[in-house]
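# Structural description and commentary
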Amino acid sequence: LGPIYFLFFIGVHPAVASASSACMILYTSSISTLGYMTFGSLVYDYGAFCLVIGILATLLGQTLMKGLLRQYKRASLIAYSIGGVVMLSAIAMGIEATIELLDA
């Protein structure tokens with residue numbers, strides 16, 4: 001499930017675990033982008049679109065989470081939000097796999 005769950009498991013504060021995982025994801029995606037650029041496989045229009053959407057989603061998420069943390073003063077909201085995103089991703093993957101199986 002990723003490094004964030006390991007960090008939670010060993011008792012790292014949710015904000016620190018979230019920030020550490022975000023840095024790992026940034027590093028991994030940057031290296032992948034450089035790899036695609038090196039081999040000439042990067043579709044620049046699509047990459048620019050994804051970059052803009054990623055920045056906007058990050059700003060929205062940070063703003064909402066900062067407001068919720070300020071209002072409720074509970075660090076567990078970070079863990080719950082990450083768990084919710086993972087759960088939605090698992091559901092979406094299940095739906096996608098089902099559709100692929102039915103179309104085959």
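Look up: the structure comes first, before these words.
The text that follows walks through the structure, step by step, so that each part is easy to find. Please read these numbers as outputs of a predicted model, since none were measured by experiment.

## Regarding the side chain of serine 21
Looking at the element boundaries, serine 21 is found in helix α2 (residues 14–38). Owing to a relative accessible area of 7%, serine 21 belongs among the buried residues under this scheme. Not counting chain neighbours up to four residues away, the residues in contact with serine 21 comprise Pro3, Ile4 and Leu7.

## Section: α2
Spanning 25 residues, α2 covers 36 Å between terminal C-alpha atoms, matching the ideal 36 Å at 1.5 Å per step. In this structure, the buried side of α2 is in contact with α1 (3–9) and α4 (76–103). Count one or two residues on from α2 and you reach glycine 40, which has phi positive near 70°.

## Regarding the packing of α2 against α4
Two numbers describe a pair of packed helices, the interaxial angle and the distance between the axes. Where α2 contacts α4, the axes come no closer than 8 Å and their chain directions differ by 45°. When the axes of α2 and α4 are compared, the pair comes out oblique. The residues of α4 that touch α2, namely those facing Pro14, Ala15 and Ser18, are Ile78, Ala79 and Ile82. Looking at the contact of α2 with α4 residue by residue, the class counts come to 5 nonpolar, 1 polar and no charged.

## So, the nonpolar core
With 6 residues, the main nonpolar core is built from Ile4, Leu7, Ala17, Met65, Ile78 and Ile82. Those elements giving two or more residues to this core turn out to be α1 and α4. When sequence neighbours within four positions are dropped, the list of residues in contact with isoleucine 4 reads Ala17, Ser18, Ser21 and Ile82.

## What about the environment of leucine 56?
Within the secondary structure layout, leucine 56 lies in helix α3 (residues 44–72). On a C-alpha basis, the gap between leucine 56 and leucine 26 in space is 15 Å, while along the polypeptide they are 30 residues apart.

## Describing unusual backbone geometry
Comment: phi is negative for the bulk of residues other than glycine, and the bulk of peptide bonds are trans. Within the chain, lysine 73 stands out as a residue other than glycine whose phi angle is a positive 55°. In this structure, lysine 73 sits in the loop between α3 and α4. The exposed category is assigned to lysine 73, whose relative accessible area is 68%.

What counts as what
Residues numbered from 1 in each chain as written. Predicted model: local features only at pLDDT ≥ 70, side-chain atom pairs only at ≥ 80, totals over all residues. Heavy atoms only, no water. Helix = DSSP H or I, 4+ residues; strand = E, 2+ residues; numbered from the N terminus. Buried < 20%, exposed > 50% of the residue type's maximum accessible area, 1.4 Å probe, protein only. Contact = heavy atoms within 4.5 Å. Expected span 1.5 Å × (residues − 1). Axes fitted to C-alpha atoms, helices over the stretch in contact; angles between N-to-C directions. Parallel < 35°, antiparallel > 145°, perpendicular 65-115°, else oblique. Nonpolar A, V, L, I, M, F, W, Y, C, P; charged D, E, K, R; others polar. Core = buried A, V, L, I, M, F, W, Y, C linked by side-chain atoms within 4.5 Å.

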